[in-house]
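So you can see what is in the structure, the chains are spelled out below.
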Amino acid sequence: MKYKTDFLVIGSGIAGLNFALKAAKHGKVAVVTKKELMESNSNYAQGGIAAVLDPVDNFKSHVEDTYNAGGKIGDKKAIEIMIKEAPQKIDELIDLGVGFNRIQGKLDLAQEGGHSRRRIVHAKDATGREIERALVFNIRHNSNIEVFEANIVVDLIVKNGKCLGAYALDTDEKKINSFFAKATVLATGGAGRVFKNSSNPKIATGDGLAMAYRAGAELQDLEFVQFHPTALNKKGYPHYLISEAIRGEGGKLLNSKRKRFVKELAPRDIVSRAIVEEEKTGPVYLDVRHLGEDEIKRRFPGIYDQLWWYGIFMEKDLIPVAPAAHFNCGGVVTDLNGKTGIEGLYAFGEVARTGVHGGNRLASNALLECMVFSGRALKAAKNFIQGKRIIESAVPRLKIININDRTGKLRRRMQAIMWENVGVVRNRQDLAKTIGKLEKIEEETGTLYKKGVNAQIIELRNMIEVAKLIAESAYLREKSVGTHHIAKN
Ligand code: SIN
């Protein structure tokens, strides 16, 4: 199939859907997503969106918290823009039908690590899902937007420095579809799944990062991978995210001697390193028993239910926790309006690097980043498409295959290597060896890809590309800052 549109949106998280909905007022939009429309990393965001809404709070304080959490290397101008636009973004979401929690009519503001005030707007413990729900409802009822599910993009189509669109494998129909657009946007999220332990869903395979790199876009700050301190750490169970908002409500971190060992609301990089240190002598737990069953169920119903399925009762049990890969602070370099270095290509959300996160993201600034920069990119992209025409081009011929037994093994090997050597604490000798090991996996993946493609091979090709870039970036940054921590020998 060959499809032509004004705006092509790759990815269906909050960033992509917010852009699509706004873009539909200015032209025809195609949203291409590799699973179903609702399945995205944003959908699993528990915490919320940080915004200055309390009269005792102020922009300066949110800017400082963001800059300090980021190891003081973030871009102050980008941070200020994001924080000043935050309250307006909350209003936009409320207008769209998002049901945030309120107390006596006023938005209920939660506390999370690194914030000097309560400023997290949330929908219980499933904020991402509530925002996605509202966006998906509006998208489904918009006749200017066409959604292509089960289409995993293989690569961008770039000619003479201009992005013309992208081509995708339709995993239901087993065929290649080409999408040509006046403006193409990458809203594909992060790459948490390149690590063995990750809080992210299976789809977080860094597809946008890899395809932008192959297309010649600039990527930066990939070494800054945020490890969320409190993912479930129970053998045989997923590394299920246990929101920082629990620590915001007084949840304590305890070591194997049942003693506290870190300020629970310090930025995530600090808490994660402290946990890794404690793990040398035994497991670490999160204790939320002080809240009592009723309050836990009222405030954290999703987490309560999920842990119940895993045999943990939050009102009486300690929850075993450990860090897990959670968020890519770096990504495709963009200006403050989502523009990449490739004409006609925009990027925003986790796939992008605007400079707002510096070396470590402040809690609940991720959904905020998605909302702010997707809105700003729309303004730039709608002007860009004026007077432009859609240009078509040939795409590579690919053989489509059903299964390949090697992909699972290669994927697991890469994830284990990344977790062992490019995790919370790194050292330069291991990083150097890691790059060589990843190159071997990359070579074998390249051979498989040439023989024939399916969704698993396309994802593996992207993951290994991104894993190598993360390891190389980590090796190149010799000093510790933010989430990038080099152990002293
Ligand atoms: C959390 O709820 O702890 C995760 C939200 C975020 O990544 O900011």
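Use the structure listed above.
Reading guide: rules and limits
Residues numbered from 1 in each chain as written. Predicted model: local features only at pLDDT ≥ 70, side-chain atom pairs only at ≥ 80, totals over all residues. Heavy atoms only, no water. Pairing = 2+ DSSP bridges. Helix = DSSP H or I, 4+ residues; strand = E, 2+ residues; numbered from the N terminus. Axes fitted to C-alpha atoms, helices over the stretch in contact; angles between N-to-C directions. Phe/Tyr/Trp six-rings, centres within 6.5 Å; stacked < 30°, edge-to-face > 60°. Buried < 20%, exposed > 50% of the residue type's maximum accessible area, 1.4 Å probe, protein only. Parallel < 35°, antiparallel > 145°, perpendicular 65-115°, else oblique. Contact = heavy atoms within 4.5 Å. Nonpolar A, V, L, I, M, F, W, Y, C, P; charged D, E, K, R; others polar. Near = heavy atom within 4 Å. Polar contact = N/O pair within 3.5 Å; in protein donor to acceptor, adjacent residues only side chain to side chain. Areas by Shrake-Rupley, 256 points an atom, 1.4 Å probe, with all protein chains shown as cover.

A. Up close: the sheet that holds strand 15 (residues 284-287). Taken in spatial order, the 4 strands of this open sheet run 13-16-15-14, and their pairing is antiparallel. The open sheet has two edge strands with one neighbour each: strand 13 (225-232) and strand 14 (252-254). Across the sheet, the mean angle from the axis of one strand to that of its neighbour is 45°, orientation sign disregarded. Note that strand 13 and strand 16 (residues 319-328) share 6 bridges and pair antiparallel. Bridging across to strand 16, Val225 finds its partner in Asn328.

B. Focus on the packing of aromatic side chains. Counting across every chain of the model gives 11 aromatic pairs. When the centroid spacing of 4.8 Å and the interplanar angle of 70° are considered together, the rings of Tyr3 and Phe148 count as edge-to-face. Of the two residues, Tyr3 sits in strand 1 (residues 2-10) while Phe148 sits in strand 8 (residues 145-148), which places them 145 residues apart along the sequence. The exposure class of Phe148 is buried, given its relative accessible area of 9%. Aromatic pair Tyr240 and Tyr310: ring centres 6.1 Å apart, planes at 75°, arrangement edge-to-face. Of this pair, Tyr240 sits in the loop between strand 13 and helix 6 (244-248) while Tyr310 sits in the loop between helix 9 (301-309) and strand 16, and the two are 70 residues apart along the sequence. Grouping residues by exposure puts Tyr240 and Tyr310 together as buried. One aromatic cluster is present, built from ring pairs that chain together Tyr3, Phe148 and Phe179.

C. Examining the packing of helix 3 (residues 76-96) against helix 10 (residues 366-384) more closely. Two numbers describe how helix 3 lies on helix 10: the axes approach to 8 Å, and their chain directions differ by 95°. As judged from the angle between their axes, helix 3 and helix 10 are roughly perpendicular. From helix 3, Ala78, Ile81, Met82, Glu85, Ala86, Lys89, Glu92 and Leu93 reach across to helix 10, where they touch Leu368, Glu369, Met371, Val372, Phe373, Gly375 and Arg376. Classifying every residue of the contact of helix 3 with helix 10 gives 9 nonpolar, 1 polar and 5 charged.

D. Quick peek at the site of the ligand. Around the ligand lies a shell formed by Gln46, Gly47, His228, Leu241, Ser243, Glu244, Arg268, His326, Arg361, Ala363 and Ser364. Between the ligand and Arg361 there is a distance of 2.7 Å, counted from an oxygen atom to a side-chain nitrogen or oxygen. Within the backbone of Ser364, an N or O atom sits 2.8 Å from an oxygen atom of the ligand. Relative to its free-state accessible area of 260 Å², the ligand is covered by the protein chains to the extent of 95%. Partitioned by chemical class, the residues of the shell around the ligand number 2 nonpolar, 6 polar and 3 charged.

This is a description of form; function is not addressed.
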